[in-house]
Amino acid sequence: MQQTKPFNVTSGRPIITDLNPLSPISEAYRTLRTNLQYAGVDRSLQLLMVTSASPREGKTTTINNLAVAYAQADKSVLLLDADLRKPTAHQTFQLSNRCGLTHVLAGNAAAREAVKETHIRNLSVMPSGSIPPNPSELLASRKMDLLLDELRQSFDLVLIDTPPVLAVSDAQIMASRCDGVLLVINARSGKRQHAAKARDALQFVQAKIVGVALNQTAASELSGYYSYTQASAE
């Protein structure tokens with residue numbers, strides 16, 4: 001049986017949408033969820049990849065909170081950790097990484113064995129598994145295609161975490177297999193030219209970029225309702 005209590009911040013990485021669902025930040029993630037739902041009106045966004053141009057722009061924080069936001073809307077959600085270079089999902093949700101994506105792709109486990117329930121209702125995680133010597137080749141394999149087809153049948157939404165676009169080719173490989181891509185940009189540290197290069201790299205593989213999430217935006221840079229909610233929380 002799944003737990004329903006908030007995540008223990010001393011044992012895992014805190015997720016604000018789980019710990020404080022009424023906070024302005026949680027509301028921002030729900031707004032992002034709504035915007036993505038509208039982006040998918042004319043086409044299914046069942047496989048949604050979340051990535052960034054460069055490291056430390058907040059893509060993993062974004063995908064974790066977005067996964068919780070969708071799960072709270074009664075969607076059956078799988079967070080797939082396809083960052084086979086620096087995986088974090090198993091640490092965030094305090095799950096075993098002994099059986100994960102790489103084991104499924106290597107033929108050593110079935111998909112159902114690699115899917116782990118979390119303490120959050122409706123949210124499951126497939127951790128990365130052992131870090132392989134050939135991440136790009138595994139992600140580009142026919143077995144990856146078959147796995148994604150299987151996951152489509154089992155979940156309302158599959159959110160896929162990948163390495164940054166400009167770091168390695170993994171994100172481009174996965175983007176070509178997904179229904180949409182959300183690009184996370186850090187408003188403070190992200191560089192405009194890096195964002196442009198990431199966009200071009202994704203468009204080169206005909207990825208469907210459904211939006212850009214601007215991270216670390218100051219309240220003073222916002223307007224209207226969002227400025228009000230952030231200011232009132234201080």
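A short tour of the structure in this document, coming up.

Calculation criteria
Residues numbered from 1 in each chain as written. Predicted model: local features only at pLDDT ≥ 70, side-chain atom pairs only at ≥ 80, totals over all residues. Heavy atoms only, no water. Helix = DSSP H or I, 4+ residues; strand = E, 2+ residues; numbered from the N terminus. Buried < 20%, exposed > 50% of the residue type's maximum accessible area, 1.4 Å probe, protein only. Pairing = 2+ DSSP bridges. Contact = heavy atoms within 4.5 Å. Axes fitted to C-alpha atoms, helices over the stretch in contact; angles between N-to-C directions. Salt bridge = Lys/Arg side-chain N within 4 Å of Asp/Glu carboxyl O. Expected span 1.5 Å × (residues − 1). Arc of directions from axis to C-beta. Core = buried A, V, L, I, M, F, W, Y, C linked by side-chain atoms within 4.5 Å.

In this section: unusual backbone geometry. Backbone geometry at D74 places phi at a positive 65°, although glycine is not the residue there. Mapped onto the elements of the fold, D74 is located in the loop between α3 (59-72) and β2 (77-81). Positive phi values are uncommon outside glycine, yet Q206 reaches one of about 60°. Within the element layout of this structure, Q206 appears in the loop between α10 (192-204) and β7 (209-215). Since its relative accessible area comes to 67%, Q206 is described here as exposed.

Let us look at the sheet that holds strand β5 (residues 157-161). In space, the seven strands of this open sheet follow the order β3-β4-β2-β5-β1-β6-β7, with mixed pairing throughout. Of all the strands in the sheet, just β3 (116-117) and β7 have a single pairing partner and so form its edges. Across four bridges, the pairing between strand β1 (residues 47-52) and β5 is parallel. In the strand pairing of β5, L47 is matched with V158. Sheet contacts for helix α2 (residues 24-39): β1, β6 (180-186) and β7; angle to β7, the most-contacted strand, approximately 165°.

Applying the stated criterion across every chain, the model contains eight salt bridges. Between D74 and R121 there is a salt bridge; the shortest N-O distance is 2.9 Å. Residue D74 is found in the loop between α3 and β2, and its partner R121 is found in the loop between β3 and β4 (123-126); the two are separated by 47 residues along the sequence. Each member of the pair D74 and R121 is classed as exposed. A salt bridge links D145 to R177; the nearest nitrogen and oxygen atoms lie 2.7 Å apart.

This paragraph deals with α10. Counted at 1.5 Å a residue, the expected span for α10 with its 13 residues is 18 Å, and the 18 Å between its end C-alpha atoms agrees. All of the buried residues in α10 are A195, A198, A201 and L202. Considered in projection along α10, the buried side chains sweep an arc of 125° and stay on one side of the axis. In α10, those exposed residues whose orientation departs by more than 90 degrees from the buried face are R192, K197 and F204. As for α10, its buried residues are in contact with β1, α9 (170-175), β6 and β7. Once α10 ends, the next one or two residues include Q206, with phi positive near 60°.

What follows is about the nonpolar core. In terms of nonpolar packing, the biggest core is built from 38 residues, with M49, L80, L101, M126, M144, L147 and I160 touching the most fellow members. Beyond its immediate chain neighbours, meaning those up to four positions away, L80 contacts L101, M126, M144, L148, L151, V158, L159, I160 and D161. V50, L95, V125 and L159 belong to the second largest nonpolar core, which has 26 residues in total.

A few words now on the pairing of β5. Strand residues, when the strand is regular, have side chains that alternate between the two faces of the sheet. Most of β5 is tucked away, with five of its five residues classed as buried. The alternating pattern of β5 places L157, L159 and D161 and V158 and I160 on opposite faces, both of which are buried. In this structure, β2 lies alongside β5, joined through five bridges in parallel fashion. Across the sheet, V77 pairs through a bridge with L157, a residue of β5.

Attention now moves to the environment of V165. With respect to the helices and strands, V165 occurs in the loop between β5 and α9. By relative accessible area, which is 4% here, V165 ends up buried. Here the alpha-carbon distance between V165 and S52, two residues 113 residues apart in the chain, equals 6.1 Å. Apart from residues no more than four positions distant in its own chain, V165 is found in contact with T51, S52, A53, A171, A198, A201 and L202.

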